[in-house]
Amino acid sequence: PMPRPHFSRERVLLAAIVFDAGTQIRESINEQVVADYAERMTEGVEFPPVILFHDGVRYYLADGFHRTLAAKRNQFRDIDARVDTGTRADALWFALGANKVNGQRLTDADKKHAIRLALKAWPDKSGTLIAEQLGCNHVYVTRLRQQEFTSKDLPAKVTGKDGKSYPAVRGTNRATHERRDMR
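All values reported here derive from a predicted model rather than from experimental measurement.

Student: Help me understand helix α3 (residues 88-97) in this model?
Tutor: For the α-helix, the turn length of 3.6 residues means that residues three or four positions removed from each other point alike. Three or more residues of α3 are buried, namely Ala 91, Leu 92, Trp 93, Ala 95, Leu 96 and Gly 97. The distance from a side-chain oxygen at the start of α3 to the backbone nitrogen of Ala 89 is 3.3 Å, and the residue carrying that oxygen is Thr 87.

Quick look at the structure:
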């Protein structure tokens with residue numbers, strides 16, 4: 001497990017948040033959810049803080065895209081945030097697991113989009129590790145990896161959840177691939 005970064009609760013200017021850093025794991029924004037949140041915000045409903053990762057220069061949005069858009073729609077100046085120390089990659093990894101337990105569930109299209117983002121960002125992470133972070137089946141990650149990458153694009157090794165390196169699967173023997181990817 002990765003050590004928890006230091007975080008603080010603060011109000012962050014909406015203009016300071018990098019919204020288009022590629023950390024949105026949903027395939028698309030649900031405009032009806034944004035409109036509903038915006039209306040509820042004007043009624044004084046308090047929402048949980050958004051999650052940001054700050055690398056010393058930029059604030060990367062990891063969780064709370066719909067809330068942030070609703071606040072922007074309402075022309076708010078700032079938003080309540082939990083700010084963690086970290087990079088864009090830290091924000092993306094967090095975002096992959098943000099809706100695993102609560103929040104709006106991911107659609108199949110959202111999961112596919114998220115897995116593609118993860119495979120692009122971390123081609124050397126095992127399917128099992130990515131699946132556990134996202135809260136989906138590792139076989140689905142394996143299948144998408146086979147569809148997205150040709151054998152020459154695959155890394156020589158993948159890192160399992162145990163932190164050890166394992167040979168990446170070459171070829172299309174699905175049974176062999178799934179056995180290896182279960183690590």
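Student: Quick question: what am I supposed to make of the confidence of the model for the chain here?
Tutor: Interpretation of this model should avoid reading the predicted coordinates in detail wherever pLDDT is low. Summing up the model confidence of the chain, the mean pLDDT is 86 and the portion of residues at 70 or higher is 83%. This stretch, residues 170-183, has a pLDDT under 50; its non-local contacts, to residues over four places away or in other chains, come to 31 contacts.

Student: For this particular structure, what's the right way to read the packing of aromatic side chains?
Tutor: The way to describe two aromatic rings as a pair is by their centre distance and the angle between their planes. If you walk through the whole model with that rule in mind, you get four aromatic pairs. An angle of 80 degrees between the planes, with centres 5.1 Å apart, marks the rings of Trp 93 and Trp 122 as edge-to-face. Note that Trp 93 is positioned in helix α3 and Trp 122 in the loop between α4 (108-121) and α5 (127-134), a separation of 29 residues in sequence. The class of Trp 122 is buried, set by a relative accessible area of 14%. The ring of Trp 93 has Lys 125 lying over it, and the distance from NZ or CZ to the ring centre is 4.9 Å.

Student: Sorry if this is basic, but what is going on with the pattern of salt bridges here?
Tutor: Opposite charge on two side chains makes pairing possible when the charged atoms of those side chains draw close. Per the stated rule, a full pass over the model turns up seven salt bridges. The closest approach of N and O atoms between Arg 9 and Asp 80, which form a salt bridge, is 2.6 Å. In this pair, Arg 9 is assigned in strand β1 (residues 7-13) and Asp 80 in strand β5 (residues 78-85), connecting sequence segments 71 residues apart. For Arg 9, a relative accessible area of 55% translates into the label exposed. Linking Arg 26 and Asp 110 is a salt bridge whose minimum nitrogen-to-oxygen distance equals 2.9 Å. One end of the pair, Arg 26, is in the loop between β2 (17-18) and α1 (31-42); the other, Asp 110, is in helix α4, and 84 residues separate them in sequence. Each member of the pair, Arg 26 as well as Asp 110, is classed as buried.

Cut-offs applied
- Residues numbered from 1 in each chain as written.
- Predicted model: local features only at pLDDT ≥ 70, side-chain atom pairs only at ≥ 80, totals over all residues.
- Heavy atoms only, no water.
- Buried < 20%, exposed > 50% of the residue type's maximum accessible area, 1.4 Å probe, protein only.
- Helix = DSSP H or I, 4+ residues; strand = E, 2+ residues; numbered from the N terminus.
- Polar contact = N/O pair within 3.5 Å; in protein donor to acceptor, adjacent residues only side chain to side chain.
- pLDDT = per-residue confidence, 0-100.
- Contact = heavy atoms within 4.5 Å.
- Phe/Tyr/Trp six-rings, centres within 6.5 Å; stacked < 30°, edge-to-face > 60°.
- Lys NZ or Arg CZ within 6 Å of the ring centre and 35° of its normal.
- Salt bridge = Lys/Arg side-chain N within 4 Å of Asp/Glu carboxyl O.

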